[in-house]
Amino acid sequence: MLQLLEQTWFRLEAYLQDGGVVMLPLVLVSLLMWVLIMDRIFFFRRLYRKTMSARSAWEHIQQQRMPDPGEYRGIVSLLVADFLENRSGDRMLDRFILDERVQHINRRMKDYLALIGVLAAIAPLLGLLGTVTGMIATFDVLSVFGTGNAKAMAGGISEALITTQTGLLVAIPGLYMKGFLDRRADNLIQRVKTVGYYLRRHL
Amino acid sequence: MSRPNDYRQILRQRNRGAWTWALLSAMGLNLALFMLMPHLLHSAPAKPTFDTLLPQIQVVRLKRPESPISRDAPRPPEVKRQQPAPQPDLNSAALQRPVWPFEINARLPGGPDTIALPPLETNLKALGIGDLFGVGDLDQPLITLTRMPPIYPLGAKRRGIEGSVTVRFIVNEHGSVEKTTIIHAQPPDTFEEAVLRCVSGWRFQPGTVDGQPVRVWAETTIHFTLD
């Protein structure tokens, strides 16, 4: 088991070395992208669970009662807590305040999603850059040794292909997760909006 | 006033480790992803071969110093045997020659001069007979470097005349064409000029005999056909 792990690690090192300089930004992009993705996954998961129904939200507002963090931790309870902290007591003004709070929470749902998308889109471009540098290295070898030295040419070509492969392998799950998170965010935004309209009608 | 703070604080406490968890899980995921990537390439892992090769190299290195020593040891006696051997031979030959007076010596005065053939060959070359070679005499057939097709004469094209021209030329030591002559032209006075113009522009790899570039005469027939 340990030997297998060691061997895999060695192969990884050789792979990164074959890829050349472009592998470093690729790894960094991948790491940053996945940190943001994981953070958003946890963030949405917290807001998804133990959510509050619109009726109990209205009850809480009527009774001026902060939601119990043990019972309610979802996004609706966040809206209720936010509104209770900021409400003025005037009915017309409260409606505007509620709208503003809904907007504020909805905007926070979209945080980092654009950045994740950009990082996922950058990865194949970095792979392309690696391809170009690899091909330049190949042609440098060609200009010195001619077509005879296949071994030296193979270095540049492997660099070109490895970076492309890595770029795609970083981008594909990244784009999938971007879509998944977008769906989650839309879902949560929809929830907040629905509850917002419900509360606005009752205020 | 204390309650809203409580709610916020509790939420914040729960979310405190979120980024570290995200970082750790992302690192784990990345490690797994990048470790799987090399397995997409079906190249054999290089490390085990290194491990097996290294001890072998060391064994060879240990052997190397032994062999030169063993080789050096027998060498000096061989050299010593060789050096004295030729010296007496030369001396004895030099000594023996005057000792043998041959009767035949008087009969063969010009012998060595006639046997030496090189002057004869140079004489032939100087005469220019061996200067020009046919294509068959070459080490390898003539290789064309550039061979422009002739321009189809406009008048002949308009009238729809087809034909062929046989041309003879000399390829010199530098591979360019000299002394182009028309041997046969069918029909006459139509294609000759075009052929002469294009053949003079041809370049060949110089023909060689025994590795020496030589002048070669060659003959070719160019056909003019309308598509």
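Residues numbered from 1 in each chain as written. Chains lettered and ligands numbered in written order. Predicted model: local features only at pLDDT ≥ 70, side-chain atom pairs only at ≥ 80, totals over all residues. Heavy atoms only, no water.

A. A look at the packing of helix H2 (residues 23-48) of chain A against helix H7 (residues 150-202) of chain A. All names here are of chain A. As a packed pair, H2 and H7 sit with axes 10 Å apart at the nearest point and diverge in direction by 20 degrees. The angle between H2 and H7 places the two elements in the roughly parallel class. Handedness of the crossing formed by H2 with H7: left-handed. Looking at the contact of H2 with H7 residue by residue, the classes come out as 17 nonpolar, six polar and three charged. (Axes fitted to C-alpha atoms, helices over the stretch in contact; angles between N-to-C directions. Helix = DSSP H or I, 4+ residues; strand = E, 2+ residues; numbered from the N terminus. Parallel < 35°, antiparallel > 145°, perpendicular 65-115°, else oblique. Left-handed = near helix turned anticlockwise from the far one by under 90°. Nonpolar A, V, L, I, M, F, W, Y, C, P; charged D, E, K, R; others polar.)

B. Summary view of the packing of helix H4 (residues 75-86) of chain A against helix H5 (residues 91-109) of chain A. Residues and elements named next belong to chain A. The interhelical angle for the contact between H4 and H5, taken along N-to-C directions, is 135 degrees, at an axis separation of 10 Å. Overall, the two elements H4 and H5 adopt an arrangement that is oblique. In this structure, the crossing between H4 and H5 has a hand that is right-handed. Contacts between H4 and H5 involve Ile75, Leu78, Leu79, Asp82, Phe83 and Asn86 from the first element and Asp94, Ile97, Leu98, Arg101, Val102, His104, Ile105, Arg108 and Met109 from the second. Taken together, the residues that form the contact of H4 with H5 break down as nine nonpolar, two polar and four charged. (Contact = heavy atoms within 4.5 Å.)

C. Layout of the environment of His39 of chain B. The topology assignment puts His39 of chain B in the loop between helix H2 (18-36) and helix H3 (47-72). Non-local contacts of His39 of chain B, meaning those with residues more than four positions away in its chain, are made with Thr8 and Arg11 of chain A.

D. Here's a closer look at the side chain of Gln165 of chain A. For Gln165 of chain A, the position within the fold is in helix H7. On the basis of relative accessibility, which here comes to 19%, the residue Gln165 of chain A falls in the buried class. With residues up to four places along the chain from it excluded, the contact list for Gln165 of chain A reads Tyr15 of chain A together with Met37, Leu40 and Leu41 of chain B. (Buried < 20%, exposed > 50% of the residue type's maximum accessible area, 1.4 Å probe, protein only.)

E. A nonpolar patch on the surface, seen in detail. A contiguous nonpolar patch, built from Tyr112, Leu115, Val118 and Ile122 of chain A together with Trp19 of chain B and spanning about 430 Å² of accessible area, is present on the exposed surface. Ranked by residues supplied to the nonpolar patch, first place goes to helix H6 (residues 113-145) of chain A with three residues. Looking at where Trp19 of chain B falls in the secondary structure, it is placed in helix H2. Under the relative-accessibility criterion, Trp19 of chain B is labelled partly exposed at 40%. (Patch = residues over 30% accessible without salt bridge, like charges linked within 9 Å, V, L, I, M, F, W, Y side chains within 5 Å. Areas by Shrake-Rupley, 256 points an atom, 1.4 Å probe, with all protein chains shown as cover. Salt bridge = Lys/Arg side-chain N within 4 Å of Asp/Glu carboxyl O.)

Honestly, that's just the spatial picture; any functional story needs more than this.
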